[in-house]
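# Analysis of the macromolecular model
One letter stands for each residue in the lines below.
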Amino acid sequence: MSNKNKKTIAETIVQPNHIQLISSSIKPNWLLYVVLFFVPIAFYFNSIFNEYALDDAMMITQNEYTLKGFDGIGDQLTHSFIYGFSHKEADDAASSHWRPLALISFNFEVGFWGVGHPHRSHLINVLLYALICVLLFYFLFQQLKINQWISFFTILLFAIHPIHTEVVANIKGRDELLALLFTSFSLIVLWKYIETKNPILYILSVVLFFIALTSKEAPMVFLGGIGCLLYFFTDYKIPKIGLVLIGYFIAIALLVFIKNEIAPFSNVIESREVMNNPFLYASPIQRICTKIFILLLYLKMLFVPYPLAYDYSFHQIPFVDANNIFVYLSITIYAALAVFAFVKLKSKSLISFSIFMFFITASISSNLIIDIGMAMGERLLFIPSLFFIMSIVIIAKQMIDLMNEKLKINKWIPAIALLLPIFMASAFVTFARNKEWKNDIVLNIADFKKCPNSARIANGAGTSYIELSAKNKISKTTRDSLLFIALNCFNQALKIHPTFDDAFLNRGVAYSRMDSVEAAERNWNVVRQHANHPKLIEFNKYLTAKFLTIGLACGNRKNLDSAINYLEKAAMYATENDSLTMDSYYNLGGAYYTAGKFEKAKIAFTKTMQLNPTYKDTKMGLAASEFELSKTKKP
């Protein structure tokens, strides 16, 4: 490196207060990089043996475009991220996104290996996570020149924090991983640009930032984050920082433009379903107070990440009012952090930096700026947790330094005393949680025990018990017991959310498996009254077949009124042009004829003729009905 370049770097990269810089001429300790690569692999190794779970169906196993492999890449680029699953344009905030990058990575997997290799997908997630940890350490230590041990322990604790299990152990979390991966690359290249002033590097950094945005929109907040980094770690003034941010602003504008062309904002409406609009039933005061309360829950989850669950939607987190003491506690804590960050802003304190970055990266997920369609989520803490951990490490280092200075205690003794229990507890929680992400059945049942007030989890648990009841080689007693538990789960879901369509549909399925066809019908008809749910088509076939069978049995017992009643129901639910529909109308015509209701018999036989003129003895039945009717006509 020339003397001129050395001078440029020295003038550009400044030393914030409380940060011990390490000369760029000192070679990094590669053992630290090795540790930070293999520790996350060790913590998440048991997740590699998991199957698909939850939204993996939407992204992979039931996504038409993903299943095309390489041939589906173009479709992913030109549709909203759920179109390949839902086959309809996005119409709410939860689905109106253009996020092709993670989906394309799944296309490559299917293209190379075919469908049905979840273990390879899980392995890729774990390796991406390990790579992210290495890149973040490089950025903090090598480029920002933050103290080696602050950088190392920040990333080590980030790597082992159980709050990240949802991102790493769920294949769908690939979007979060790729977003942070390419954001990390972007920041590293940006700092190379700051050191060298090579405009090609600046353009590359912006391109990498745009690629991160195509995985998930979360990196948008790094527009403020990059400004924060430039303020704290360079001598750039506000106007110059603004100039640097222009390229990243253009990247965001380009994403918004493309998104609006593919998943237009004009299509997005406020969801009237509380499962996708968690504050729908809250008063204006309850909305803001509950959001502030959730910010306190986030801090709790960062300090004590237990218990962990995949869903915190209606009504796991109850609405709170202005008289709730925890609302004021949350306000007090966050206000104190903000005041401290601003007081230390001028001195460029590293703690001030970490607080500002925590606020910036958590801003969108707070629901205070915009409603994001979910009340709370562990994955929303993926990036903010880095800066929370950094602040804790800095405080711990200061305490350890003070103990060393005042009490002459070797620094490594308190460091190990603090780290060892955290490491062990994190390992225990992470390993256990990875196992719970095994598949839908294991996850739903495990989380229902932790979050009994989540209607979504209660419904999921019920469907899992139905799946277990369908397993081979179980006794009828065991099957009925599992179905009874499933009914209790659906009842709990409907107690929480009395208009929850999915719970009514699935409770109907449970009754159908118990051969309680009329109970199943009642549940499905609740949904039928206000929604044209696609599942109802499938359930109509079941109802037609069951009521036809029951009707015929009643007819064989000479119970004509009951036979007609059930055959009418069979015909009512018969919507397909198939033998089941024709059989329903044909037998209904026969029952009417036997009961002397010749006009209705004629109508039923005519309907059968319209479907298939040659079906069984339909012509004969129609002729007989018309003959009987002719005898009743007056001359």
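Residues numbered from 1 in each chain as written. Predicted model: local features only at pLDDT ≥ 70, side-chain atom pairs only at ≥ 80, totals over all residues. Heavy atoms only, no water.

### As for the overall build of the chain
As a reminder of what qualifies: Helix and strand definitions here come from DSSP, where helices need a minimum of 4 consecutive H or I residues and strands a minimum of 2 consecutive E residues; each element is numbered from the N-terminal end. Partly exposed describes any residue whose relative accessible area lies between the buried limit of under 20% and the exposed limit of over 50%, with all areas from a 1.4 Å probe on protein chains only and scaled to the type maximum. When checking whether two residues touch, look at their non-hydrogen atoms; a contact exists if any pair is within 4.5 Å. Residue-level accessible areas treat just the shown protein chains as cover; the underlying method is Shrake-Rupley with a 1.4 Å probe. Working convention for charge: Lys and Arg count positive, Asp and Glu count negative, and His plus the chain ends are omitted. Taken as the charge centre is NZ of Lys, CZ of Arg, CG of Asp or CD of Glu, depending on the residue.
Scanning the chain for helices and strands turns up 28 helices and 0 strands. Its C-alpha atoms give the chain principal-axis dimensions of roughly 120 × 50 × 50 Å. The buried share of the chain, reckoned over its 635 residues, is 54%. Within the chain, contacts between residues at least 6 apart in sequence are counted, and of these 71% link residues at least 24 apart. If you sum the accessible surface of the chain, you get close to 29,300 Å²; carbon and sulfur atoms cover 64% of it. In the chain, 59 side chains carry a positive charge and 46 a negative one; their mean positions are 6 Å apart.

### Notes on the packing of helix 20 (residues 455-469) against helix 22 (residues 501-513)
Here is the rule we go by: Lines fitted to C-alpha atoms define the axes, with helix axes restricted to the stretch in contact, and inter-axis angles between N-to-C directions lie between 0 and 180 degrees. When an angle is under 35 degrees it counts as roughly parallel; over 145 it counts as roughly antiparallel; between 65 and 115 it counts as roughly perpendicular; any other value is oblique. In this scheme the handedness of a crossing depends on how the near helix is turned from the far one: anticlockwise by less than a right angle means left-handed, clockwise means right-handed. Following the grouping adopted for this structure description, the nonpolar residues are Ala, Val, Leu, Ile, Met, Phe, Trp, Tyr, Cys and Pro, the charged ones are Asp, Glu, Lys and Arg, and the polar ones are all others, Gly among them.
The geometry of helix 20 relative to helix 22 is characterised by a closest axis approach of 10 Å and an angle of 20° between their N-to-C directions. Classified by the interaxial angle, the pair formed by helix 20 and helix 22 is roughly parallel. The handedness of the crossing between helix 20 and helix 22 is left-handed. Judged by residue contacts, Asn459, Thr463 and Ile466 of helix 20 engage Asp502, Ala503, Asn506, Val509, Ala510 and Arg513 from helix 22. Of the residues in the contact of helix 20 with helix 22, the class split is 4 nonpolar, 3 polar and 2 charged.

### Points about empty space enclosed by the protein
Rules: Definitions used throughout: a 1 Å grid over protein atoms alone; a cavity as a set of points that fits a 1.4 Å probe which cannot get out; a pocket as an open set with protein on both sides within 12 Å along at least five of seven lines; a lining residue as one with an atom within 4 Å of a point. Grid points are joined across faces, edges and corners, and a volume is the space filled by probe spheres set on the points.
Counted under the stated rule, the structure contains 6 cavities of 30 Å³ or more. Leu136, Phe139, Leu187, Leu386 and Phe387 are, among the 15 residues lining the largest cavity, the residues nearest its centre. With 4 residues, the single largest contributor to the lining of the largest cavity is helix 10 (residues 174-196). For the lining of the largest cavity, the residue count by class is 13 nonpolar, 2 polar and no charged. If you trace the second largest cavity, you find it lined by Tyr52, Ile60, Phe106, Glu109, Val110, Trp113, Gly114, Val115, Gly116, His117 and Ser121. Here the lining of the second largest cavity takes 4 residues from helix 6 (residues 100-113), the largest share from any one element.

### Some remarks on the layout of surface pockets
Empty space among the atoms becomes apparent when a probe as large as a water molecule is rolled across them. Approximately 820 Å³ is the volume found for the second largest pocket. Around the second largest pocket sit 31 residues that line it, and Leu157, Val393, Ala396, Leu419 and Ile422 are the ones nearest its centre. At the level of secondary structure, the elements contributing two or more residues to the lining of the second largest pocket comprise helix 8 (148-160), helix 14 (284-303), helix 17 (384-407) and helix 18 (412-436). Element by element, the count of residues in the lining of the second largest pocket is highest for helix 18, at 9 residues. Across the lining of the second largest pocket, the residue classes tally to 24 nonpolar, 4 polar and 3 charged.

### Details of the nonpolar core
Applied cut-off: Remark: nonpolar core denotes a set of buried residues (Ala, Val, Leu, Ile, Met, Phe, Trp, Tyr, Cys) joined through side-chain atoms within 4.5 Å.
By size, the foremost hydrophobic cluster in this structure holds 189 residues, and its most contacted members are Phe158, Leu190, Trp191, Phe233, Phe353 and Trp524. The dominant element in this core, judged by the number of residues it contributes, is helix 7 (residues 118-143), at 13 residues. When sequence neighbours within four positions are dropped, the list of residues in contact with Phe353 reads Cys228, Leu229, Phe232, Phe233, Phe387 and Met390.

### Concerning the packing of aromatic side chains
This is how it is decided: Two rings from Phe, Tyr or Trp (for Trp, the six-membered ring) form a pair when their centres are within 6.5 Å of each other. A pair whose planes differ by under 30 degrees is stacked, one over 60 is edge-to-face, and the rest are tilted.
In the structure shown here, the tally under the stated rule is 45 aromatic pairs. Aromatic pair Phe139 and Trp191: ring centres 5.7 Å apart, planes at 85°, arrangement edge-to-face. Note that Phe139 is positioned in helix 7 and Trp191 in helix 10, a separation of 52 residues in sequence. With relative accessibility at 6%, the residue Phe139 sits in the buried group.

### Observations regarding the pattern of salt bridges
Here is the rule: Any carboxyl oxygen of Asp or Glu within 4 Å of a side-chain nitrogen of Lys or Arg constitutes a salt bridge here.
Applying the stated rule across the entire model yields 22 salt bridges. Across the salt bridge formed by Arg379 and Glu166, the nearest N and O atoms sit 2.8 Å from each other. One end of the pair, Arg379, is in the loop between helix 16 (350-362) and helix 17; the other, Glu166, is in helix 9 (residues 165-169), and 213 residues separate them in sequence. Taking relative accessible area as the criterion, Glu166 reaches 5% and is therefore assigned buried. Among the salt bridges present, the one from Asp480 reaches Lys476, with a minimum N-O distance of 2.8 Å. With Asp480 and Lys476 both in helix 21 (residues 476-496) and 4 residues apart, this pair spans about one turn of that helix. The partly exposed category is assigned to Asp480, whose relative accessible area is 22%. With relative accessibility at 56%, the residue Lys476 sits in the exposed group.

### What about the side chain of Asn439?
The line we're drawing: Polar contacts, as counted here, are pairs of nitrogen or oxygen atoms within 3.5 Å of one another; within protein the pair requires one atom able to donate a hydrogen and one able to accept it, and residues that are adjacent in sequence qualify only if both atoms are side-chain atoms.
Positionally, Asn439 belongs in the loop between helix 18 and helix 19 (440-450). Judged by relative accessible area, which is 14%, Asn439 ranks as buried. A distance of 3.0 Å separates a polar side-chain atom of Asn439 from the backbone nitrogen of Val442. Those residues in contact with Asn439 that sit more than four places away from it in its chain are Glu51, Tyr52 and Ala53.

### Section: the confidence of the model for the chain
The test is simple: Looking at any residue, its pLDDT shows the predictor's confidence there, from 0 to 100.
A residue-level look at the chain finds 92% of positions with pLDDT of 70 or above and a mean pLDDT of 89. Confidence scores differ between elements of the chain, with helix 1 (residues 3-12) showing the lowest mean pLDDT of 42 and helix 9 the highest of 97. Predicted confidence is poor over residues 1-26, with pLDDT under 50, and the contacts of this stretch with residues over four places away or in other chains come to 47 contacts.

### What about the environment of Ala570?
Here Ala570 lies in helix 25 (residues 560-573). Of the residues examined, Ala570 reaches a relative accessible area of 0% and is grouped as buried. Expressed as a C-alpha distance, the spacing of Ala570 and Ala510, which sit 60 residues apart in the sequence, is 20 Å.

### Considering a nonpolar patch on the surface
Just so we agree on the cut-off: Two distance rules govern patches: like charges are joined within 9 Å, and nonpolar side chains (Val, Leu, Ile, Met, Phe, Trp, Tyr) within 5 Å, applied only to residues with over 30% relative accessible area and no salt bridge.
Side chains of Trp149, Trp412, Ile416, Leu420 and Met424 sit close together on the surface and give an oily, nonpolar patch of about 530 Å² of accessible area. Among the elements that line the nonpolar patch, the one with the most residues is helix 18, at 4 residues. Along the chain, the position of Trp149 falls in helix 8.

### A word on the side chain of Ser47
Its location among the elements puts Ser47 in the loop between helix 2 (30-44) and helix 3 (56-61). The exposure class assigned to Ser47 is buried, which follows from its relative accessible area of 0%. Only 2.6 Å separates the side chain of Ser47 from the backbone oxygen of Tyr44, close enough to count as a polar contact.

### Some remarks on the packing of helix 2 against helix 18
Axis separation between helix 2 and helix 18 bottoms out at 8 Å; the angle between their running directions is 50°. The pairing of helix 2 with helix 18 is recorded here as oblique in orientation. In contact with Val39, Ala42, Phe43 and Tyr44 of helix 2, helix 18 contributes Phe423, Ser426, Ala427, Thr430, Phe431 and Asn434. Residue classes in the contact of helix 2 with helix 18 are distributed as 7 nonpolar, 3 polar and no charged.

### Comments concerning helix 20
The following threshold applies: Helix span, as expected, comes to 1.5 Å for every residue beyond the first.
End to end, helix 20 covers 21 Å across 15 residues, agreeing with the expected 21 Å (1.5 Å per residue, within 8%). Of all 15 residues that make up helix 20, 11 are buried, and the element is covered over most of its length. Here helix 20 has its buried residues at Ala455, Ile457, Ala458, Asn459, Gly460, Ala461, Gly462, Ser464, Tyr465, Ile466 and Ser469.

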